Amino acid sequence: MKGKSINLRRIAVVALILVLVGQACTLSLLENPFGGNSSTPQPPDDTTTASATPYPVAQTTFVVTLPEPLQANESLVIAVLDEVTGLSINVTQYPMSPRDTLTYTATLPLLHNSVVKYRYIRRGAAQVIEDTVSGSAIRYRMHHVAGPGEVQDIIADWGDKAFNRPSGTILGQIFNADTGSPLPNILVTAGGVQHITDSLGRFELTGLGVGTQQLVAYSLDGMYQPFQQGAVVGNGSTTIVDLRIKPSRLVNVTFMVAIPQDTVPGVPVRLAGNILQLGNTFADLQGGVSTVADRMPILNLQPDGRYAVTLGLPVGAHIQYKYTLGDGFWNAEHKANGEWIVRDLIVPEQDVTLQDTVPSWLATKESGPILFEATIPSVTPPGDILYIQFNAFGWMEPIPMWPLGNNRWAYKLYGPLNFLGSFSYRYCRNGQCGSADDNQTVGAAPTGRQTATSLLGQDIQDSVNSWKWFENPEPLSLVGATITKRAAGFVAGVEYQSTYRPNFSYYAPQAFANTKALGSNLAILTPSWTYTSIAPLRLAPLPGQDPLWIDSAIMISQARALGLNVALFPTPHFPATTDPTRTATTHFWLSAPRDAQWWQEWFTRYRAFAVNYADLANQTGANILILGGDWVGPALPGGLLPDGTPSNVPADAEAQWKAIIQDVRSRFKGQIFWAMPYTKSNVETPVNFLLDVDGIYLLWSVPLTTNQSASKIDYANEAGRLLDNEVAPLASLLGKPVILAMSYPSAAGAASGCVPNGAGGCLDFAELSRPKADNSSVSLSLQTQADIYEAMLTAINARSWISGFVSRGYFMPVALQDKSTSVHSKPAADILWYWYPRLLGTVQ
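Residues numbered from 1 in each chain as written. Predicted model: local features only at pLDDT ≥ 70, side-chain atom pairs only at ≥ 80, totals over all residues. Heavy atoms only, no water.

### A look at the sheet that holds strand S38 (residues 624–628)
Adjacent strands of a sheet pair through backbone hydrogen bonds, lying either parallel or antiparallel.
In step 1: Taken in spatial order, the eight strands line up as S33-S34-S37-S38-S39-S40-S41-S42 and close into a barrel, and their pairing is parallel. Averaged over all pairs of adjacent strands, the angle between their axes in this sheet comes to 25°, without regard to strand direction.
In step 2: Pairing of strand S33 (residues 491–496) with strand S42 (residues 802–810) involves five bridges; the strand directions are parallel. Residue tyrosine 496 lies in a different strand from S42, and its bridge partner there is tyrosine 810.
In step 3: Strands in contact with helix H5 (residues 596–620) are strand S37 (565–568) and S38; relative to S38, the strand with the most contacts, it is inclined by about 170°.
In step 4: Helix H10 (residues 827–840) contacts S33 and S42 of the sheet and is inclined by roughly 150° relative to S42. (Pairing = 2+ DSSP bridges. Helix = DSSP H or I, 4+ residues; strand = E, 2+ residues; numbered from the N terminus. Axes fitted to C-alpha atoms, helices over the stretch in contact; angles between N-to-C directions. Contact = heavy atoms within 4.5 Å.)

### Observations regarding the packing of H5 against helix H6 (residues 653–667)
For any two helices packed against each other, one specifies the crossing angle of their axes together with the interaxial distance.
In step 1: Where H5 meets H6, the closest approach of the two axes is 9 Å, and the angle between their N-to-C directions is 20°. Taken as axis vectors, H5 and H6 run roughly parallel relative to one another. Our pair here, H5 against H6, has a crossing hand that is right-handed. On the side of H5, the interface is formed by Gln600, Trp602, Phe603, Tyr606, Arg607, Ala610, Val611, Ala614, Asp615 and Asn618, while H6 contributes Ala653, Gln656, Trp657, Ala659, Ile660, Asp663, Val664 and Arg667.
In step 2: Tallied by class, the residues present in the contact of H5 with H6 amount to eleven nonpolar, three polar and four charged. (Parallel < 35°, antiparallel > 145°, perpendicular 65-115°, else oblique. Left-handed = near helix turned anticlockwise from the far one by under 90°. Nonpolar A, V, L, I, M, F, W, Y, C, P; charged D, E, K, R; others polar.)

### Some points on empty space enclosed by the protein
In step 1: Counting across every chain of the model gives eight cavities of 30 Å³ or more.
In step 2: Around the largest cavity, the lining is made up of 13 residues, and of these Gln497, Tyr500, Thr526, Met555 and Met812 lie nearest the centre.
In step 3: By residue class, the composition of the lining of the largest cavity is eight nonpolar, five polar and no charged. (1 Å grid on protein atoms, 1.4 Å probe; cavity = no way out; pocket = protein on both sides within 12 Å on 5 of 7 lines; lining within 4 Å. Points joined across faces, edges and corners; volume = space filled by probe spheres on them.)

### Some details on the packing of helix H2 (residues 504–517) against helix H3 (residues 549–561)
In step 1: H3 packs onto H2 with a crossing angle of 25° between their chain directions and a minimal axis gap of 9 Å. Here H2 lies roughly parallel to H3, going by the angle between them. Of the two possible hands of crossing, H2 and H3 adopt the one that is right-handed. Contacts from Ser505, Ala508, Pro509 and Phe512 of H2 reach H3 at Asp551, Met555, Gln558 and Ala559.
In step 2: Its residues assigned to classes, the contact of H2 with H3 shows five nonpolar, two polar and one charged.

### Things to note about the state of the cysteines
Covalent bonding between the sulfur atoms of two cysteines defines a disulfide.
In step 1: Under the counting rule described, the total for this entry stands at two disulfides.
In step 2: For cysteine 428, the disulfide goes to cysteine 433, at an S-S distance of 2.0 Å. Of note, the bridge from cysteine 428 to cysteine 433 carries an S-S torsion of about -75° and is left-handed in sense. Taken individually, cysteine 428 and cysteine 433 each receive the classification buried, so the pair is uniform in this respect.
In step 3: Between cysteine 754 and cysteine 762 runs a disulfide, and the two sulfur atoms are separated by 1.8 Å. Where cysteine 754 bonds to cysteine 762 through sulfur, the torsion about that S-S bond is close to -100°, and the disulfide is left-handed.
In step 4: Exposure remark for cysteine 754: the relative accessible area of 23% places this residue in the partly exposed category.
In step 5: Sequence-ordered numbering of the bonded cysteines in the chain gives a disulfide pattern of 1-2, 3-4. (Disulfide = S-S within 2.5 Å. Buried < 20%, exposed > 50% of the residue type's maximum accessible area, 1.4 Å probe, protein only.)

None of this, on its own, says anything about what the molecule does.
Okay, structure coming up:
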């Protein structure tokens, strides 16, 4: 129980930061809220600023072994990286000297108790970054500077070459040194290979070069002290290690900063940093950055014109931070000479106030700031935030603009403008550029609006005439119906789309509020891990694509705080495919070797996936855990591949599934449901292990007609026939509740179960979801989706044995009237708003 309370403390600390993040639109801009002189006072002369605080340094010698000698025109450098600005943006390179043809060394003065992120680069005709034995790019290696010392590294491979080198694996678990509890959400790295621990503290580092590798365990939120030790890796062998790391207590750190006098009065000043609480996602985001403005705490404007925020931070943690009007790159502070500023703090043993001064937001005096002002359509939802996205190294992470009122927004870009010249930009809603776009700049890679830097400041005034997928929101005329109140326990739910980006977290509370407003009583989250490799099989959380443990925990807490019950439906992501005739799931199954060894690995990894989310559900108070899904069909007894051929699943598949369910049940005391797609074979010959679960989550995208002119009554009659003749016998046979989880896109042909793909076939409904590109061969039909929803609810209303209804695919961050299965702000949502409260009896 003590381990659980510490995990809850971690959730509470990060959740408090998110409260501070949510202040962006509460500020009055372009005027001083406190009246009087709007100039910004400077700190007193006797104040020591954080940037001037002397920290002791430790001389650290890096010794690295190369896979082959360098060429005559080549040299080697060690690159110290800055994850706050961007790993490839603000890089400090140190030349290395040869000891012999394969061994190079460099001694660096590094801050004592800091955590350094670095990698090796071969310089010649081009700069080539090291990669792993398997050819994966190395984000960075890590070193905890506990004192003067020597670091031994092995370069396995270069990005432009491939070496057939012996390799091995480090496998282990991480525990709380005080309580013995396993620790999730810990980043473990060796040789540049990284893994984030699951609920059991487990990690796996594969493809490591043979020899002694430096193993580092790093808490993403700083709540545990860094740990490092050497680990010997043998050829073809697995090194087992158990690590115990010490928790850190929290102290209050107040960041107080004076900003330049030319700053627009009242604008939000954010704190960007290298830990989760300061906006670091530990992911490779658009444009090579890792921090997201939406996840950064916002400082409060003080009566004297300075800005301040107080955060609980762990003692001893190495915090790298900067102040910004944007993110770690755009509008971040600079030195007077234009250089980037990244401040260092080793959190002390006692509460502390830091007195800082931002010298400048400008990176150069050769380019004046640019003020962007935009007027947006009156149909824009009132809670939406306008974002601006810039194209520097390709499109980068969108930045929230500043509200002026009356559908007007502004953003003043100070820097960096020293290298742009002509550049492009665009506007979007709620940070979802590529999905919720200005109709002038639609898609993932538009040309964008054009501008250029100049010596003098500029004021650019734009108008967004219409939004893609929200041009003219369609109202719906509701038709009254006699609705029978259901028995206690009936589920009226919303399942959120499994696609995830780090800025989704900012909009989760509004999504839950919208769900509650529909009358729903259940929020179904679909947290994910990613299959990064098919053979050898690798399934693990991938930052930026999958929510971290702490992200999911906070969202569960937010939903429950609104009175919603919560279900978790773990759903993996699959490697992308370039074959337009295959979905990623189909490609995964058809490309897998599916021999006995591979299948055993598959069940082992699915079990770890399920147990991880069983533990999360148990620790956060979720009510239901949903296993399975439409993608697991090949792994079921007698499983078939997507092309209809046998999957070669092991003969003991039934026993494997029963063991997984038993393992999950031992860790989670709530209800366990099994998700399966409605097919005739599934409902007529159900697998035996369904007797071990508490209910069926029936995935329903069933053809309801073959007639293009069919009506809602026709849809309802066909749904009733299928429910009575095929689903009711299954419910009776199993004696389990059945929840109908419905997924139909707002597209022509949805009621027939086949949306034409333009090539003579049917489109997978998931391919219509954002942020995937639009399929122009598909016709939008919001009314079709609404009619199907009304028909299905009518059918359910007459069948009291159905225990629930769920709308699948809700797009959490923004309202779009697109072709996807999401009902967010579509006419189908109005249907739910009418039906859900009456089914639950909250409205008569």
